[in-house]
Amino acid sequence: MKKWKTALVWAAFVGVFVLLLRLTSPAPLPREDFSLLLQEMETGGIAEVRIHDNEITVTRWDDSQYVTLGVITEELSQQLSAAGIRVAWGPPSDKLRTVLLVGVPLVLLLGLFGWFLRRGAAGNMNLLEIRKSRARLLGESLSVGFDDVGGCLEAKEQLSDLVDFLRLPERWSRAGVRLPRGVLLEGPPGCGKTLLARAVAGETNAKFYWVSASEFVELFVGVGAARVRDMFETAEKNAPAVIFIDELDAVGRKRGSGIGAGHDEREQTLNQILVCLDGFEASDRVVVIAATNRSDVLDPALLRPGRFDRRIRVEPLTRVQRVDVLRIHCRNKALSEDVSLESIADRCPEWSGAALENLVNESGLLAVRRSRKEQDDGPVELVQLDFERALEPGLSEEQRFDAVDSLLVEATTQLAQAVGKALVRVTLAGFTTIEGELVWADANFIKVRTRGQDEALVLGKSQIQSIEALDGTELLDEFSPDPWSGNTPDLA
Amino acid sequence: MDFFGDAWLASRVLVLVPVVLSLSVHEFAHAFCAFRLGDDTAARQGRLTLNPLAHIDPVGLLLPLLGVPFGWARPVPIDPSRMRGASLEAGIVLTAAAGPLSNVLLAIGATLAMGVWTRLDAGAAAAAGPLWQLLEWLVLVNLLLAVFNLIPVPPLDGSRIVDGLCPAWLRPHWEAFARVGPFALVALLLVPALLGVSPIAGPVAGLQNFLDALYDVVAG
């Protein structure tokens, strides 16, 4: 396709060349003897003669032309007129050719430079585009309801007012009450603030605009405010709508704080948010939900009545609520009979909803991996063991090397104290095992003398997968890496 | 050819056609060489193409139309540090040399085409149809481009070749010169033009003689 385009452009260029060459230097007319003119004058085949100096261009009735050299005398001129032939003087002029000569290249160049302009304009479009809000409209398929939110009972209770307002605004306006248009969700990371906001949108079928406060700020000053305006305008156009501003503290920090304490871009953005919050008419079914886990640093103006005046604290989950959350996240997964979500909830005290969701997902991953290993093509079922394993703190690569490290430090100490021989079994990254006497260990490598060998084997520490003590030291405990981590260290 | 009167614009656009096509080949050669050496900077910006539209520069195109006998295409960006196929210096030299080399090859190709054409049709040269004239223009334009770009004055390709080959002890002098390169180039172009001579006429004439001989051999 692209190659064809290139070939096409080349063909066009060659075509332009040929066309313009034809126009600038047209094919020369055939030259004939002067006698032919005289002869044809007699026989009457000539329509016009054009005389320019001694060059005579003859046009026949059938539009064919030729050029001849000669001098037209007074007498001959009269003869020509008598024969009904038009006689013209001056250089041959071809109006069409003149028009084409200037017109064709002009049109081509205008087209080309028009194309340049459009290409340039396409580059400038980014500047206008940058003023657009980055708020994403959440698709219907991702919408959730309050049923999908485990725990957070108090928050749900308070938000249900909002839901009702978005559904049946008349009821509230008839009663003459003003509803909070800004709701601030506070709570530790991962406690379900975003999920709650989505649930509000899901419960009401309102449009859900989701933006992180840090997305307002860009390279250019003023963009933040422009984006806030754009976001609110878009939401108003598509009411009922829920605007969700995540991590509000990114722009909502107390004004006048920070370096210079002056008027900066962040404050300008914040001012615009404040103005836009005020600007809603009572009929506007737009609700702003903001989330933060640093409500203590927020600007007081954000929290005054009429703005984010409804502050909802999302509390840590109780045990019963954790079971609820686990159950919600297990809804789309097959659970084995032996799974006790209660016992799992017991083992994750103070865990946030996000952590629980991650736990369930992790267990699912382990279950899929297990069934793949067992080559079981049936539906994957999560068993209690999967959860147990997911709960086990797996050893990361770093932790494993730390463990090898501490073993070696101990071994070195022992060697220095000359307690005796330390027999070890070293498993390398490629699962080669070496058994022998540990004669040297330091921060970078160890030396192991295998049985019957004089030379000790030098092993780089990064090659070592695990070390096991065989004899001679109690300090070298067995160390084996996490069987589920699965990957071998690929350090060179 | 009539460069005045009715045909002034048409003539200039006419001459631009072989120039733009040759420049496209020139810039493509830079991009292609860099790409083969492992640097896809130009390719990712859509410059690894023979399509003239990707290479032409509005101002570089406008000046020749206004009668200034000087124009240019958008330079192909390269990043020698991405080249794996050659050392940094070799990468710069090869990529820089690829442009003029491609023009020489194109001139030779056009000459061969004309020679073969003459062999097939003895009257082609005398008839001098549009395509024949395009080939003639291509030969001349490519020779001029190749020789001109090899002038070792920044920002021309020749300077990059010198840049890559410059020994360390000469480098300070070379870089001092490179700083005033563009001015030196203007002087180099203007002064001979005012005196009515051309600094590249000699090499171009030499190459033309070679190509004439080549044409004669092929045409028989």
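Our structure's up above, just so we're on the same page.
Residues numbered from 1 in each chain as written. Chains lettered and ligands numbered in written order. Predicted model: local features only at pLDDT ≥ 70, side-chain atom pairs only at ≥ 80, totals over all residues. Heavy atoms only, no water.

A. Inspection of the overall build of chain A at higher detail. Counting its secondary structure elements, chain A contains 16 helices and 17 strands. In chain A, buried positions account for 41% of the 492 residues. (Helix = DSSP H or I, 4+ residues; strand = E, 2+ residues; numbered from the N terminus. Buried < 20%, exposed > 50% of the residue type's maximum accessible area, 1.4 Å probe, protein only.)

B. Spotlight on a nonpolar patch on the surface. Residues and elements named next belong to chain B. Taken together, the side chains of V59, L62, L66, V68, F70 and W72 make up a nonpolar region of the molecular surface, amounting to roughly 510 Å² of accessible area. On the secondary structure map, V68 appears in the loop between α3 (58–65) and α4 (88–120). In this structure V68 comes out as partly exposed when scored by relative accessible area, which is 37%. (Patch = residues over 30% accessible without salt bridge, like charges linked within 9 Å, V, L, I, M, F, W, Y side chains within 5 Å. Areas by Shrake-Rupley, 256 points an atom, 1.4 Å probe, with all protein chains shown as cover. Salt bridge = Lys/Arg side-chain N within 4 Å of Asp/Glu carboxyl O.)

C. Summary view of the sheet that holds strand β3 (residues 65–69) of chain A. All names here are of chain A. Taken in spatial order, the 4 strands line up as β3-β2-β1-β4 in an open sheet, and their pairing is mixed. With partners counted over all chains shown, the strands left at the sheet margins are β3 and β4 (86–89), one partner each. The mean inter-strand angle of the sheet, taken between neighbouring strand axes irrespective of direction, is 20°. The strands touched by helix α2 (residues 34–43) within the sheet are β1 (46–52), β2 (55–60) and β3, with β3 carrying the most contacts at an inclination of about 120°. (Pairing = 2+ DSSP bridges. Axes fitted to C-alpha atoms, helices over the stretch in contact; angles between N-to-C directions. Contact = heavy atoms within 4.5 Å.)

D. Quick look at the pairing of β1(A). All names here are of chain A. Extensive coverage of β1 is indicated by the burial of 5 of its 7 residues. Across 6 bridges, the pairing between β1 and β2 is antiparallel. Bridging from a neighbouring strand, I51 pairs with I56 of β2. What sits between β1 and β2 in their antiparallel hairpin is a turn of 2 residues, with D53 showing a positive phi close to 55°.

E. Just the sheet that holds strand β5 (residues 136–137) of chain A, in detail. Residues and elements named next belong to chain A. Pairing is mixed in the open sheet, where 6 strands are placed in the order β5-β7-β8-β9-β6-β10. With partners counted over all chains shown, the strands left at the sheet margins are β5 and β10 (310–313), one partner each. Pairing of strand β8 (residues 241–246) with strand β9 (residues 286–292) involves 5 bridges; the strand directions are parallel. Following the sheet pairing, V242 is matched in β9 by V287.

F. The arrangement of the environment of L66(B) in detail. Residue and element names in this part refer to chain B. Within the fold, L66 resides in the loop between α3 and α4. When its relative accessible area of 61% is taken as the criterion, L66 is described as exposed. Considered as a pair, L66 and R12 are 54 residues apart in the sequence and their alpha carbons are 8.6 Å apart.

G. The interface of chain B and chain A, seen in detail. Taken together, the contact pairs 31 residues of chain B with 25 residues of chain A. Along the contact surface separating chain B from chain A lie 2 residue pairs in polar contact (both at pLDDT 80 or more). Those elements giving two or more residues to the side of chain B that touches chain A turn out to be α1 (8–36), α3 and α6 (130–149) of chain B. The leading source of residues in the side of chain B that touches chain A is α1(B), at 10 residues. Residues that form the side of chain B that touches chain A fall into these classes: 24 nonpolar, 4 polar and 3 charged. (Polar contact = N/O pair within 3.5 Å; in protein donor to acceptor, adjacent residues only side chain to side chain. Nonpolar A, V, L, I, M, F, W, Y, C, P; charged D, E, K, R; others polar.)

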